[in-house]
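Summary of structural features
Below, each chain spelled out in residue letters.
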Amino acid sequence: MDIQGTKVVATCRGLQVNVGYRAVATCQMGNGAGTFVRYGPWRGTGIPVTSVADCGAKVLSGRVEVSS
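Residues numbered from 1 in each chain as written. Predicted model: local features only at pLDDT ≥ 70, side-chain atom pairs only at ≥ 80, totals over all residues. Heavy atoms only, no water.

A word on the overall build of the chain
We count it as follows: Strands here are runs of E lasting at least two residues and helices are runs of H or I lasting at least four, both read from the DSSP assignment and numbered beginning at the N terminus. Burial classes: relative accessible area under 20% of the type maximum marks a residue as buried, over 50% as exposed, and values in between as partly exposed (1.4 Å probe, protein chains only). Contacts are residue-level and defined by heavy atoms, with any inter-residue pair within 4.5 Å sufficient. All accessible-area figures derive from a Shrake-Rupley calculation using a 1.4 Å probe, and residue coverage is judged against the displayed protein chains alone.
Each helix and strand counted, the chain has 0 helices and 6 strands in total. Principal-axis analysis of the C-alpha atoms gives the chain an extent of 40 × 20 × 15 Å. For the chain, the proportion of its 68 residues judged to be buried stands at 26%. Here the contacts in the chain between residues at least 6 apart in sequence split such that 59% fall between residues at least 24 apart. When the accessible surface of the chain is totalled, it reaches about 4200 Å², and 49% of it is carbon and sulfur.

Dropping the structure here:
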């Protein structure tokens, strides 16, 4: 997982078959009044594919969510 400007970028390799992942970003509102969460699209494993969550604003934190 990497933070690139206003985006959280996640690339996973080597997860079990039928397991997915996506990028999750916690963002700060432009006016500083609060926070919101953005999710990237679910991706499967195998060929390296990225999931990108774009805040369009300041990224406070990022993480990778894994489904089973």
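Some words on the sheet that holds strand β4 (residues 35-39)
To keep things clear, this is the line we draw: In this description, strands pair whenever DSSP reports at least two bridges between them. Axes here mean lines fitted to C-alpha atoms, for a helix over just the part in contact, with angles spanning 0 to 180 degrees between N-to-C directions.
In space, the 3 strands of this open sheet follow the order β4-β3-β6, with antiparallel pairing throughout. Every other strand in the sheet has two partners, leaving β4 and β6 (58-67) as the edge strands with one partner each. Direction aside, the axes of adjacent strands within the sheet are offset by 20° on average. Two strands pair when backbone bridges link them, and strand β3 (residues 20-28) and β4 are joined in this way by 5 bridges, in the antiparallel orientation. Looking at β4, one finds that Ala25 is bridged to Arg38.

Functional significance is not addressed by these values, which are geometric in nature.
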